[in-house]
Amino acid sequence: MRSVKLAGSFLLLFFNPDAMAAHIYKWVDAQGITYFGAPPPAGQTAETVSTGSAMPHHAIPLMPPKEQAPSSQADPQRAIDRQVKNRVIAEEAERKEYCTKLRTDLAQMKINPRIHIEEEGKVRRITEEERQTRMSESEKRITENCQ
């Protein structure tokens, strides 16, 4: 009988979410990144998060972020690095778009000898000499910018 009571108590304790509930903390670092974990970092304000159920025994809690050496240059440099990276990405996208347009125009000039352009509000057909000149200029731009 005693072993049944002991087993029953053990089962109640084992399956009781309140008895097994782990404390999860939430905090935000200086860069504005939100972290969750246990235990909260030292010297950091953290709030307790209600998990609604017990944390499984196999779950590994998140560790607080590693301490970083204080550097007054780190944050401004990261912002500048991000700006430069974004600018390079934008310039590369513009270059690809420019190259696609050049290649499309060149293909059209090669396939269609009758090219019409609009000048001063009037549409006219370009001469074969103008077409050849435009094609060579396009090929030169492609070679210089799109390789």
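Above this text you will find the structure in question.
Conventions used here
Residues numbered from 1 in each chain as written. Predicted model: local features only at pLDDT ≥ 70, side-chain atom pairs only at ≥ 80, totals over all residues. Heavy atoms only, no water. Helix = DSSP H or I, 4+ residues; strand = E, 2+ residues; numbered from the N terminus. Expected span 1.5 Å × (residues − 1). Buried < 20%, exposed > 50% of the residue type's maximum accessible area, 1.4 Å probe, protein only. Arc of directions from axis to C-beta. Salt bridge = Lys/Arg side-chain N within 4 Å of Asp/Glu carboxyl O. Disulfide = S-S within 2.5 Å. Core = buried A, V, L, I, M, F, W, Y, C linked by side-chain atoms within 4.5 Å. Contact = heavy atoms within 4.5 Å.

Trainee: Give me helix H4 (residues 128–145): which residues, what numbers.
Mentor: Compared with the 26 Å implied by 1.5 Å per residue over 18 residues, the 26 Å span of H4 between its first and last C-alpha is a close match. Listed as buried for H4 are Arg131, Met135, Ser138 and Ile142. The buried residues of H4 occupy an angular sector of 65° when the element is viewed end-on, so they sit on one face. Facing away from the buried side of H4, by more than 90 degrees, are the exposed residues Glu129, Lys140, Thr143 and Glu144.

Trainee: Hey, could you go over the pattern of salt bridges for me, with residue numbers and the actual values?
Mentor: Opposite charge on two side chains permits them to pair, given that their charged atoms come into close proximity. Enumeration according to the criterion identifies 7 salt bridges in this entry. Salt-bridge contacts for Lys101 lead to Asp105; the nearest nitrogen and oxygen are separated by 2.9 Å. One end of the pair, Lys101, and the other, Asp105, are both in helix H3 (residues 74–111), 4 residues apart, so they sit about a helical turn from each other. The salt bridge involving Glu130 is made with Arg124; its shortest N-O contact spans 2.7 Å. In this structure Arg124 comes out as partly exposed when scored by relative accessible area, which is 28%. Ionic contacts of the salt-bridge type, sharing partners, join the residues Glu119, Arg124 and Glu130 into one network.

Trainee: Could you give an account of the state of the cysteines, naming the residues involved and the relevant values?
Mentor: With the rule as written, the count across this model stands at 1 disulfide. Disulfide partner of Cys99: Cys146, at an S-S distance of 1.9 Å. Here Cys99 and Cys146 share a disulfide; its torsion about the S-S bond, -95°, makes the bridge left-handed. Of this pair, Cys99 sits in helix H3 while Cys146 sits in the segment after H4, and the two are 47 residues apart along the sequence. Given a relative accessible area of 9%, Cys146 falls into the buried group.

Trainee: Run through the nonpolar core, naming residues and quoting values.
Mentor: In terms of nonpolar packing, the biggest core is built from 10 residues, these being Cys99, Leu102, Leu106, Met109, Ile115, Ile117, Ile126, Met135, Ile142 and Cys146. When contributions to this core are tallied by element, the ones reaching two or more residues are H3 and H4. At 4 residues, H3 tops the list of elements feeding residues into this core. Apart from residues lying up to four places away in sequence, Ile142 is in contact with Leu102, Arg103, Leu106 and Gln147.

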